[in-house]
Amino acid sequence: AGASRHEGIVAIDGNLVLRGSLTIRGLLVVRGSVDATAGQLDIEGAMVTYAPNGTTSSFGNNTSVRYSQCALRRALAAVSRPTTQPFRIWSERD
């Protein structure tokens, strides 16, 4: 409930039931289902969900997920290891 804004990686181990507003610039990872029918979900970056128990996710009209390579790279750069090669995301690797 309430309003929350995050930048980077947000990881949730369990179901996410949203009653307020959640704004994320980066990556949302949920191991469980997402219920955003009663709230507002706004993601600029990417979202990954995995429900091991087979439950499904529900999204309402106030849900917006916009893929942003820039926001995703910034979120992943915070947890990646330094290398001599330029930073690339998994979809760009050979």
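Residues numbered from 1 in each chain as written. Predicted model: local features only at pLDDT ≥ 70, side-chain atom pairs only at ≥ 80, totals over all residues. Heavy atoms only, no water.

**As for the sheet that holds strand E1 (residues 3-13)**
The strand order across the open sheet built from four strands is E1-E3-E5-E7, with neighbouring strands paired in parallel fashion. Two strands in the sheet have a free side with no partner beyond their single neighbour: E1 and strand E7 (63-67). Each strand axis lies, on average, 25° off the axis of its neighbour in the sheet, ignoring direction. Both strand E5 (residues 40-50) and E7 contribute to a ladder of five bridges, which runs parallel. Across the sheet, the residue bridging to Leu 41 is Thr 63, located in E7. Helix H1 (residues 69-77) rests against E1, strand E3 (21-31), E5 and E7 of the sheet, and its axis sits at about 65° to E3. (Pairing = 2+ DSSP bridges. Helix = DSSP H or I, 4+ residues; strand = E, 2+ residues; numbered from the N terminus. Axes fitted to C-alpha atoms, helices over the stretch in contact; angles between N-to-C directions. Contact = heavy atoms within 4.5 Å.)

**Side note on the sheet that holds strand E4 (residues 34-36)**
An order of E2-E4-E6 is seen for the three strands of this open sheet, with the pairing classed as parallel. Two strands lie at the open edges of the sheet, namely strand E2 (16-17) and strand E6 (58-59), each paired on one side alone. Pairing between E4 and E6: two bridges, direction parallel. Bridge assignment links Asp 35 to a residue of E6, and that residue is Ser 58.

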